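# Architecture and fold: a report
Read off the chains here:
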Amino acid sequence: LALKFAQYRAVLDAILSKADLDAKFEDIELGKSAQAIVAASKDWGPDGTQWIVRTALFDLLFGASKMIIRAPEPCALYKALVESKADLERALVDVFESADNAREVAEKEAMEGASLRYARVNTIKATVDEIVADLKESGYELKDSEPKARELKKNLPKIFWLDSRLVPEVVLAFNPSDTIQNHALVKSKKLILQDMSSCVPAVALDPQPRWTVLDACAAPGNKTSHLAALMLSKGEAVKRKKNRLIAVEKDRNRFKILRNTVQQTGADEICKLINADFLSLDPSTDKNLFSVKAILLDPSCSGSGLVKRHELNEEKLGDDRLKSLASFQKAALRHALAFPNVTRVSYSTCSVNEEENEDVVKDILTDSELCKHWRLRNIFPNWKHRGDETVCPGASNCIRIDSELHKTGGFFVAVFERDAPNLVFKAPVQSDEEEAPVKGKRKRADNVVKPAFSTAPRGCKRALF
C-alpha cells in the first residue's frame with residue numbers, strides 16, 4: 001500500500017483538495033499501530049502522519065479497503081475517512097471522471113521521471129551471478145544498461161540491469177512499476193530492497209580488513225547489513241568475530257526492527273547490537289567501542305530528498321524543526337569524531353537542505369580544534385554532482401544525489417578522515433580474559449596517547465545485546 005501511495009500521491013492530493021478536506025486530515029489523530037509505524041520509519045521525515053493518511057485513502061478509493069475494514073481500533077483517522085467517503089468519491093469523479101482515469105493519470109506520472117526500483121544483492125547469502133541466474137529463470141531479462149525512457153513501460157517483459165554508477169556490482173535496477181518486492185529472493189533476504197543512493201554511505205566509508213565498525217543510527221538495518229556484507233567480503237569470513245560490527249539504535253521499537261533485519265540478512269555473524277542513544281556511548285568504558293575504527297552516521301533528517309522538487313514545501317517543515325534536526329546532526333557528528341581510535345566517519349542524510357548537509361560539514365571544518373585533526377576525503381571523484389562550495393569551502397569533496405536527475409532517493413554523503421590515521425590511543429583496563437601484561441617498566445611508543453574520555457570503573461553497566 002505504501003508503494004502504491006507513492007505512485008498515487010499527486011492524485012490523492014488533488015482529491016483531498018477538491019473535497020476541501022486538507023485541513024481535516026492535517027493533524028489527524030492516529031491509532032497506536034499507525035503511530036508505531038510512523039515512529040519506526042525515520043526516513044519518512046516530519047510528514048509520516050500524512051503518509052499514513054494518504055495510504056489509507058488510497059486503500060479506501062482504489063484498494064480492497066482492508067486497511068480500513070480491519071483497522072484494529074476506531075481512531076480519529078478511521079472515523080474521518082468513513083464519514084468523508086461520499087465526499088471523497090465525488091471529488092474523485094469531479095477531478096478524474098472515474099477511478100480508472102485516476103489510475104491512468106497516476107501510472108503516467110509515475111513513469112515520467114519516476115525513481116527506479118532497486119534491490120541490493122545480499123552477498124552474505126548469495127553471489128551476484130546466482131541472483132542474476134535466479135531472476136532469469138523466473139522470467140526476467142538482463143539488460144546491458146539502463147533502457148531508454150520509452151522502454152520503461154508497464155507492459156514490457158520484466159527487465160533489470162546492474163547499476164554501478166556509485167555502488168559496484170551489487171545494485172540491481174528494475175522498472176518503476178516492477179513488483180520485485182514479491183519475489184522469493186526478496187523474501188529470503190538474498191535481495192534487499194534498498195535505494196541505490198541508500199547503498200552509497202557504506203561504500204563511501206570503505207571499511208578495511210580487521211576494522212571494528214559502528215553504525216550509529218542503525219535502524220531499520222539496511223546499511224548495517226550492507227556494511228556486514230562489505231566486511232565479510234574483505235576477509236572477515238576467515239574470522240567471524242561477533243563484535244566486529246556494532247549497530248546502535250535508541251528507539252526500542254526501531255531496535256526490534258534492526259534486530260530482525262540483522263538476523264534475517266545473516267549480518268548477525270559479525271554484528272553486535274546496542275539499544276541505546278549513540279550520544280550516550282563512552283568508548284573509554286568498553287573495549288569494543290574503544291577499538292572502533294570507522295563510524296557510519298546516517299542520523300534522523302527531514303527526508304526532503306525522498307520527494308520530487310516540485311512537491312517539496314520547505315515552509316511546511318518549519319524553521320524550528322529544521323534547526324532541531326541540524327542541532328542533533330551536528331552533535332552526533334562531533335560525538336563520532338570524538339571516538340579516540342576512529343580514523344574515518346561517513347556522514348549522510350536523505351535531505352536536500354543545506355542546513356542538514358553543507359552547514360553540518362562546515363560546523364566541523366570551521367572548528368579550530370577539530371579542523372587540526374580531521375579533513376574531508378574526496379569521495380567518488382568522477383561523480384559530477386558535488387557539495388556546494390559557496391556554502392562550505394571544501395564541500396566539493398562531498399557528493400549529492402538528485403532524486404529526479406538520478407532516479408533514486410536524494411542523498412548527501414560526506415566522509416571525514418583523521419589526518420593522523422596511525423595514531424593509537426591507550427586502551428581501557430583489560431578484561432580478565434585477556435593476557436596480563438609483563439611486569440616491569442615499558443617505554444611508551446611515541447604514537448600512543450591517553451584517551452580523551454575518562455575511564456569508568458570495571459564492571460560498569462553496558463546496554464549490549
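This text goes with the structure placed above it.
These numbers were taken from a predicted model, which means no experiment stands behind them.

## Quick notes on the overall build of the protein
A tally of helices and strands in the protein yields 16 helices and 15 strands. Within the span of the protein, comprising 465 residues, buried residues form 47% of the whole. A separation of at least 24 residues holds for 75% of the contacts in the protein among residues at least 6 apart in sequence. Working note: accessible area of the protein is about 23000 Å², and carbon and sulfur atoms make up 49% of it.

## Thoughts on the pattern of salt bridges
Under the definition given, this model contains 15 salt bridges. For Asp277, the salt bridge identified is with Lys250, shortest N-O distance 3.9 Å. Highlighted residues: Asp277 in the loop between strand 8 (271-275) and helix 12 (287-290) and Lys250 in the loop between strand 7 (245-249) and helix 11 (252-265), separated in sequence by 27 residues. Asp277 sits in the partly exposed class, given a relative accessible area of 26%. Among the residues examined, Lys250 registers a relative accessible area of 57% and is labelled exposed. Among the salt bridges present, the one from Lys372 reaches Glu369, with a minimum N-O distance of 3.2 Å. Exposure remark for Glu369: the relative accessible area of 44% places this residue in the partly exposed category. Salt bridges sharing partners connect three or more residues here, namely Asp206, Arg344, Arg375, Arg377, Glu417 and Asp419.

## Remarks on the environment of Pro207
Take Pro207: it is sitting in the loop between helix 9 (200-205) and strand 6 (212-215). Remark: the alpha-carbon pair of Pro207 and Ala228, spanning 21 residues in sequence, is separated by 9.7 Å.

## Let's talk about the packing of helix 14 (residues 319-337) against helix 15 (residues 358-365)
Their axes nearest at 10 Å, the elements helix 14 and helix 15 cross at an angle of 45°. Between helix 14 and helix 15, the angle falls in the class oblique. Between helix 14 and helix 15 lies a crossing whose hand is right-handed. On helix 15, the residues touching Ala326, Gln329, Lys330, Leu333, Arg334 and Leu337 of helix 14 are Asp359, Val360, Asp363 and Ile364.

## What about the nonpolar core?
By size, the foremost hydrophobic cluster in this structure holds 39 residues, and its most contacted members are Leu135, Leu166, Leu191, Val200, Phe380 and Ile399. Listed by contribution, the elements that provide at least two residues to this core are strand 1 (117-121), helix 7 (128-137), strand 3 (159-162), strand 4 (171-174), helix 8 (184-187), helix 9, strand 12 (399-401) and strand 13 (411-418). Counting residues in hydrophobic clusters, the runner-up holds 33 residues, among them Leu214, Leu333, Ala336 and Val360.

## Considerations on the side chain of Asn122
Here Asn122 shows up in the loop between strand 1 and helix 7. You can call Asn122 buried: its relative accessible area is 0%. Among the polar contacts listed, one links the side chain of Asn122 to the backbone oxygen of Lys189, at a separation of 2.9 Å.

## Digging into the side chain of Glu417
Turning to its location among the elements, Glu417 is positioned in strand 13. At a separation of 3.0 Å, a polar atom in the side chain of Glu417 contacts the side chain of Arg344. Not counting the four nearest positions on each side in its chain, Glu417 is found in contact with Thr343, Arg344, His373, Trp374, Arg375 and Arg377.

## Section: the sheet that holds strand 3
Strand pairing in a sheet relies on backbone hydrogen bonds, with the paired strands running either antiparallel or parallel. Strand order in the open sheet made by the five strands is 2-3-4-1-5, with mixed pairing throughout. Both edges of this open sheet fall to strand 2 (141-142) and strand 5 (191-193), since each of them pairs with a single strand only. Relative to strand 3, strand 2 runs parallel, the two being bridged by two bridges. By the bridge assignment, Leu142 is partnered in strand 3 with Phe160. Sheet contacts for helix 10 (residues 222-233): strand 1 and strand 5; angle to strand 1, the most-contacted strand, approximately 40°.

## Quick word on the pairing of strand 1
Here strand 1 lies mainly inside the structure; five of its five residues are buried. Burial of strand 1 is two-sided: the residues Arg117, Ala119 and Val121 facing one way and the residues Tyr118 and Arg120 facing the other way are all buried. Here four bridges tie strand 1 to strand 4, and the two strands are oriented antiparallel to one another. What sits directly across from Arg117, in strand 4, is Phe174. As defined by bridge partners, strand 1 adjoins strand 5 across three bridges and the pair is classed as antiparallel. Each bridged residue has a counterpart across the sheet, and for Ala119 the counterpart in strand 5 is Leu193.

Reading the values: the criteria
Residues numbered from 1 in each chain as written. Predicted model: local features only at pLDDT ≥ 70, side-chain atom pairs only at ≥ 80, totals over all residues. Heavy atoms only, no water. Helix = DSSP H or I, 4+ residues; strand = E, 2+ residues; numbered from the N terminus. Buried < 20%, exposed > 50% of the residue type's maximum accessible area, 1.4 Å probe, protein only. Contact = heavy atoms within 4.5 Å. Areas by Shrake-Rupley, 256 points an atom, 1.4 Å probe, with all protein chains shown as cover. Salt bridge = Lys/Arg side-chain N within 4 Å of Asp/Glu carboxyl O. Axes fitted to C-alpha atoms, helices over the stretch in contact; angles between N-to-C directions. Parallel < 35°, antiparallel > 145°, perpendicular 65-115°, else oblique. Left-handed = near helix turned anticlockwise from the far one by under 90°. Core = buried A, V, L, I, M, F, W, Y, C linked by side-chain atoms within 4.5 Å. Polar contact = N/O pair within 3.5 Å; in protein donor to acceptor, adjacent residues only side chain to side chain. Pairing = 2+ DSSP bridges.

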